[in-house]
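In case you want the letters, here they are:
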Amino acid sequence: MSVAPVSDEVLAIHGGSPVRETLLPYGRQSIDESDIQAVVETLRSDWLTTGPKVAEFEEAIAARVGAKYAVSFSSGTAALHGAAFASGLQAGDEAITSPLTFAATANCVLYQGAIPVFADVLEDTLNLNPELAAARITARTKAILPIDYAGHPADLDSFLQLADHHGLIVIEDACHALGAEYRGRRVGSVAHMTVFSFHPVKHLTTGEGGMVTTDNSVFAETLRRFRNHGISSSARQRQSAGQWHYEMVLLGFNYHLTDIACALGLGQIKKLEANLARRRQIAARYNAEFREVPGVLPPQTRLDVNPAWHLYPIRLDLSKLSADRGEVFQALRAENIGVNVHYIPVHLHPYYRDRFGYKGGEFPVAEAAYECLISLPMFHGITDGDVDDVVRAVGKVLAHFESSL
Ligand SMILES: Cc1ncc(COP(=O)(O)O)c(C=O)c1O
């Protein structure tokens with residue numbers, strides 16, 4: 001169903017009636033009774049932290065993404081830190097990543113005392129540009145961290161080829177891309193290490209939570225130790241072996257994901273396929289609706305991928321509008337559409353500007369995209385009526401700013 005824009009409707013921001021009475025968030029978890037039951041059962045069990053549910057959840061994720069190993073962490077950020085550690089990054093090293101990401105992708109390099117080196121993004125997918133990344137490789141480069149922006153897989157084969165050629169590790173930040181496919185392969189089974197997040201706005205949630213998947217047994221073992229203070233055996237292993245002795249073999253952290261969280265994750269993973277299907281359905285509807293709306297550039301999808309649609313970021317064609325992104329954003333918020341912006345380019349954050357001297361202008365594609373990006377509501381629990389509201393509000397707001405140009 002198409003919901004035609006009406007250009008003469010008074011915008012809510014100008015005193016008109018909003019498209020909806022209540023705010024529709026841009027992302028939200030779905031928790032059902034079986035999830036709650038699974039958590040309650042774990043609360044009644046012997047294990048609250050690393051117990052049987054952790055191993056079960058790790059196995060379920062490894063099986064879903066087609067990787068040999070999955071190692072859970074207390075967040076996607078902690079998982080990125082673990083992957084940066086396992087890749088061997090240390091002071092004096094560099095890792096190349098995208099500026100158009102959540103800060104954690106670059107921060108994990110800094111946690112290791114290494115330097116994140118940015119390369120600009122591709123105009124179509126807004127993912128790290130392999131040619132520009134290649135141009136930034138030096139003798140100090142140890143890793144490349146492409147991110148699957150909005151759930152669209154990065155150009156993984158190009159990065160793996162670069163890695164082969166220069167002896168680098170590819171850490172894919174797939175925090176947006178659980179369930180995505182790249183050239184017929186599942187994200188999580190392609191890069192040397194792949195990182196997922198289970199934050200509530202993601203495809204499945206454990207509250208906070210993250211995972212690294214890999215086919216490399218050395219990485220997997222290092223990751224397990226790193227999240228366990230650097231200790232070589234878990235409390236559960238020691239208990240079942242009747243042993244007390246343990247050794248700390250490297251400097252790690254307490255980054256455990258709890259059994260309580262993994263019980264929730266095991267409930268949630270049963271709904272992953274349905275969640276992905278729903279997100280793809282919403283993206284198809286938005287694509288069809290927005291293709292014809294002047295001033296809107298829908299996200300672009302390459303033919304060799306099946307995105308997971310964590311986000312649905314449109315770009316505004318500001319040359320066709322009498323407003324900038326900020327005004328369109330405020331107007332949509334006033335219509336009770338909970339839009340968001342992904343992302344302020346990492347190098348433009350005060351910390352990165354102060355520490356590395358970025359001034360803006362270094363990564364023109366990412367910076368230009370940032371000026372016109374707006375993420376529309378995208379989550380598996382959204383109703384068809386909610387989607388109608390988004391389509392109507394975008395049509396209403398853009399028709400206004402287009403006609404007043
Ligand atoms: C691209 C990206 N990387 C890393 C993270 C960090 O994940 P978490 O919030 O689980 O720490 C996020 C979180 O939203 C993200 O979007």
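Up top you'll find the structure we're talking about.
From a predicted model like this one, the values you see are computed outputs, not experimental measurements. (Residues numbered from 1 in each chain as written. Predicted model: local features only at pLDDT ≥ 70, side-chain atom pairs only at ≥ 80, totals over all residues. Heavy atoms only, no water.)

> Teacher, can you tell me more about the pattern of salt bridges here?
Oppositely charged side chains can form a pair if their charged atoms are brought close together. Evaluated as defined, the whole model comprises 23 salt bridges. The salt bridge partner of Asp-389 is Arg-20, with a shortest N-O separation of 2.9 Å. Here the residue Asp-389 occupies a position in helix H14 (residues 384-403), and Arg-20 occupies one in the segment before helix H1 (33-43), the gap between them amounting to 369 residues. Taken individually, Asp-389 and Arg-20 each receive the classification buried, so the pair is uniform in this respect. The shortest N-O distance in the salt bridge between Glu-123 and Arg-315 comes to 3.1 Å. Of this pair, Glu-123 sits in the loop between strand E3 (115-118) and helix H5 (130-135) while Arg-315 sits in strand E12 (residues 312-316), placing them 192 residues apart in sequence. The class of Arg-315 is buried, set by a relative accessible area of 7%. (Salt bridge = Lys/Arg side-chain N within 4 Å of Asp/Glu carboxyl O. Helix = DSSP H or I, 4+ residues; strand = E, 2+ residues; numbered from the N terminus. Buried < 20%, exposed > 50% of the residue type's maximum accessible area, 1.4 Å probe, protein only.)

> Is there a simple way to explain the site of the ligand in this structure?
Lining the immediate surroundings of the ligand are 15 residues, of which Gly-76, Thr-77, Asp-173, Ser-197 and Lys-202 lie closest. Contact distances for the ligand include 2.6 Å between an oxygen atom and a side-chain N or O atom of Thr-77. At 2.7 Å from a nitrogen atom of the ligand is found a side-chain nitrogen or oxygen belonging to Asp-173. For the shell around the ligand, the element with the most residues is helix H3 (residues 76-86), which contributes 3 residues. (Near = heavy atom within 4 Å. Polar contact = N/O pair within 3.5 Å; in protein donor to acceptor, adjacent residues only side chain to side chain.)

> In this structure, what is going on with the sheet that holds strand E11 (residues 305-306)? I would like to understand it.
The strands that make up a sheet are held in pairs by hydrogen bonds between backbone atoms, and each pair lies either parallel or antiparallel. If you trace the 3 strands from one edge of the open sheet to the other, you get E7-E6-E11, paired in antiparallel fashion. With one partner strand each, in any of the chains shown, strand E7 (185-186) and E11 form the two edges of the open sheet. Alignment of strand E6 (residues 181-182) against E7, held across 2 bridges, turns out to be antiparallel. Opposite Glu-181, over in E7, you have Arg-186 as the bridge partner. (Pairing = 2+ DSSP bridges.)

> How should the sheet that holds strand E2 (residues 94-97) be read in this particular structure?
Strand order in the open sheet formed by 7 strands is E1-E9-E8-E5-E4-E2-E3, and the pairing between neighbours is mixed. Pairing within the sheet leaves two strands with one partner each, and these edge strands are strand E1 (69-73) and E3. The average angle at which neighbouring strand axes cross in this sheet is 25 degrees, direction not considered. Sheet topology places strand E8 (residues 193-197) next to strand E9 (residues 210-214); 4 bridges connect them, and they run antiparallel. Paired with Val-195 across the strands is Val-212, a residue of E9. Packing of helix H2 (residues 52-65) onto the sheet brings it into contact with E1, E8 and E9, and relative to E1 it is tilted by some 130 degrees. With respect to the sheet, H3 is in contact with E1, strand E4 (141-145), strand E5 (169-173), E8 and E9, its orientation differing from that of E8 by roughly 165 degrees. (Axes fitted to C-alpha atoms, helices over the stretch in contact; angles between N-to-C directions. Contact = heavy atoms within 4.5 Å.)

> I keep staring at the packing of H3 against helix H7 (residues 217-226) and nothing clicks. Help me out?
Helix-helix packing: each pair is described by the crossing angle between the helix axes and the interaxial distance. The interhelical angle for the contact between H3 and H7, taken along N-to-C directions, is 125 degrees, at an axis separation of 9 Å. With respect to each other, H3 and H7 are oriented oblique. Between H3 and H7 lies a crossing whose hand is right-handed. Where H3 approaches H7, its residues His-81, Gly-82, Ala-83, Phe-85 and Ala-86 are matched on the opposing element by Phe-219, Thr-222, Leu-223 and Phe-226. Residue classes in the contact of H3 with H7 are distributed as 6 nonpolar, 3 polar and no charged. (Parallel < 35°, antiparallel > 145°, perpendicular 65-115°, else oblique. Left-handed = near helix turned anticlockwise from the far one by under 90°. Nonpolar A, V, L, I, M, F, W, Y, C, P; charged D, E, K, R; others polar.)

> Explain H1 to me, please; I cannot follow it from the model alone.
An α-helical turn contains 3.6 residues, so a residue and the one three or four places further along point in the same direction. Among the residues making up H1, those that are buried are Asp-35, Ala-38, Val-39 and Thr-42. Considered in projection along H1, the buried side chains sweep an arc of 95 degrees and stay on one side of the axis. Exposed residues pointing more than 90 degrees away from the buried face of H1 are listed as Glu-33 and Glu-41. Where H1 is buried, its residues touch H2 and helix H9 (259-269). (Arc of directions from axis to C-beta.)

> Explain the nonpolar core here, please?
Most often, soluble globular proteins keep nonpolar side chains buried together rather than apart. In this structure, Tyr-286, Phe-290 and Leu-376 are the most contacted members of the largest nonpolar core, which totals 35 residues. Of all the secondary structure elements, the ones that give two or more residues to this core are helix H10 (272-290), E12, helix H11 (325-334), strand E13 (373-376) and H14. It is H14 that provides the largest number of residues to this core, a total of 8 residues. Discounting chain neighbours no more than four positions away, the residues touching Leu-376 are Tyr-26, Tyr-286, Phe-290, Tyr-312, Ile-314, Val-339, Val-390 and Val-394. (Core = buried A, V, L, I, M, F, W, Y, C linked by side-chain atoms within 4.5 Å.)

Any link to function would need more than the numbers given here.
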